[in-house]
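As a plain string of letters, each chain reads:
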Amino acid sequence: MTAPAAACDLRPDLLGLTRPQLDALLAPVADRPFRARQIFDALHRRRVTGFAEMTDLPAALRERLAREFTLALPAVADRRDSGDGTVKYLLHLADGAAIETVDIPDGERRTLCLSSQAGCGLACAFCVTGFWGSGRNLTAGEIVGQVRCLEALAGLPESFNLVFMGMGEPLLNLDALTPALELLSLRLPRRKITVSTAGVVPGIDALATWPRRPNLAVSLHAPDDERRSRIMPINRTYPLAELVAALERFPLEPRRRITIEYLLLAGFNDAAPDADALVRRLARVPVKFNLIPFNPDPVLPDWMQRPTADRVEAFRNRLEQRGATVTVRRQRGHDVAAACGQLRAFDREPRGPRARGRTLPDRAR
Ligand code: SAH
């Protein structure tokens, strides 16, 4: 366990600022009009991790920046290396909040899985983050800071994928997501970035208006409202008809598709008629399915079980017979507690609505 930071750092962060925001903030500090551009380039083109590395600035200015501002770089509190190359980091933010960021190599490809909130208030029944309860929104700097932190630790290739599938609901943190995506897309084409949502319809509609919108993934997980509401309380606010309507009006470029994530829970949503119902529901949306066999955890309900490999295969085949494009999420980082929220669970006491009266499970570390 790591104690939270003794005091919050109230200095403004520079890492999460767009160029106009940086210009405005630095105007009273900069000795020359071009300083904001130099600093922006250092942060987002040279990708420095400290003011001392801004060697094109006069020493006095560097010192002043370091005194008056900060860079929202998270600190590594724990790291778990999986046999398959996946590395899961537990990161601490300046106020002691804990988040997870996962680095997933896959042959030539590399994917970073980012958190958008420290905790999550949506209380999905299968999700460990939901079990631990809501926390706070990350700032844009803390979102960009996850990438910078992993780059400094492990290096990153020219091109990689970014997925917002770590802790939190990104579309409930649009204020930070918007500038963070603007900054991250300075180095990555937006088709390399995917925002995953539990189905926040106003957020999907907001994303639809962005000219530089990233890929959209939706955690659907059940083919009807009755079952979806049982495992995802947000479905009571935005039921399937509303969610699917939002997907139908989401603008897509030619050949692009929305990813439908579908958690497979044995005996709950993994039967052939469920696959048929799913395809029917989404008939008017260009989608590809990503099947996610359930990742068990001691804090999750006992009735939730991972289906057998045969059952997963049968579900995939059924979808494919109906003309769907399907991938099955390979289990990555299983031995490092890689499902959403599982690593942070080592770090703190539970406080989500389902956590009441439960004690920290005894985990083999
Ligand atoms: N809030 C966003 C992103 C965070 S969760 C969303 O809901 O999409 C990222 C993905 O991990 C989601 O598809 C989520 O349903 C899935 N997930 C959460 N807990 C899981 C578990 N125990 N096993 C398998 N997948 C899980």
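Description of the structure in this document. (Residues numbered from 1 in each chain as written. Predicted model: local features only at pLDDT ≥ 70, side-chain atom pairs only at ≥ 80, totals over all residues. Heavy atoms only, no water.)

### Considering the site of the ligand
Line of reasoning, step 1. Around the ligand, the surrounding shell holds 19 residues, and the nearest of these are Phe 126, Ser 196, Ser 219, His 221 and Asn 295.
Line of reasoning, step 2. Separating a nitrogen atom of the ligand from a side-chain N or O atom of Glu 169 is a distance of 3.0 Å.
Line of reasoning, step 3. At 2.6 Å, a side-chain N or O of His 221 approaches an oxygen atom of the ligand.
Line of reasoning, step 4. Expressed as a share of its isolated accessible area of 540 Å², the protein-covered part of the ligand is 95%.
Line of reasoning, step 5. Elements with a contribution of two residues or more to the shell around the ligand: β8 (193-197) and β10 (258-264).
Line of reasoning, step 6. Each residue belonging to the shell around the ligand can be placed in one class, and the counts come to ten nonpolar, seven polar and two charged. (Near = heavy atom within 4 Å. Polar contact = N/O pair within 3.5 Å; in protein donor to acceptor, adjacent residues only side chain to side chain. Areas by Shrake-Rupley, 256 points an atom, 1.4 Å probe, with all protein chains shown as cover. Helix = DSSP H or I, 4+ residues; strand = E, 2+ residues; numbered from the N terminus. Nonpolar A, V, L, I, M, F, W, Y, C, P; charged D, E, K, R; others polar.)

### Some thoughts on the pairing of strand β4 (residues 109-113)
Line of reasoning, step 1. Of all five residues in β4, four are buried, a share of seventy percent or more.
Line of reasoning, step 2. With three bridges joining them, β4 and strand β7 (residues 161-164) adopt parallel strand pairing. Counterpart to Leu 112 in the pairing with β7 is Leu 162. (Buried < 20%, exposed > 50% of the residue type's maximum accessible area, 1.4 Å probe, protein only. Pairing = 2+ DSSP bridges.)

### As for the pattern of salt bridges
Line of reasoning, step 1. As enumerated under the stated definition, the model contains 28 salt bridges in all.
Line of reasoning, step 2. Through salt bridges that share partners, Asp 31, Arg 32 and Arg 35 make up one connected network. (Salt bridge = Lys/Arg side-chain N within 4 Å of Asp/Glu carboxyl O.)

### A look at helix α10 (residues 240-249)
Line of reasoning, step 1. All of the buried residues along α10 are Leu 240, Leu 243, Val 244, Ala 246 and Leu 247. Projected onto a plane normal to the axis of α10, the buried residues spread over an arc of 155 degrees and lie on a single side.
Line of reasoning, step 2. Check the buried side of α10 and you find it contacts α7 (201-208), β9 (215-219), α8 (225-231), α9 (234-237), β10 and α11 (272-281). (Arc of directions from axis to C-beta. Contact = heavy atoms within 4.5 Å.)

### Focus: the nonpolar core
Line of reasoning, step 1. Ranked by size, the top nonpolar core spans 102 residues in total, and within it Leu 14, Leu 65, Leu 282 and Leu 319 carry the most contacts.
Line of reasoning, step 2. For this core, the two domains that each supply at least three residues are domain 1 (19-68) and domain 2 (75-351).
Line of reasoning, step 3. Excluding residues within four positions of it along the chain, Leu 282 makes contact with Leu 220, Val 244, Leu 247, Ile 260, Val 287 and Phe 289. (Core = buried A, V, L, I, M, F, W, Y, C linked by side-chain atoms within 4.5 Å. Domains from an automatic or database assignment.)

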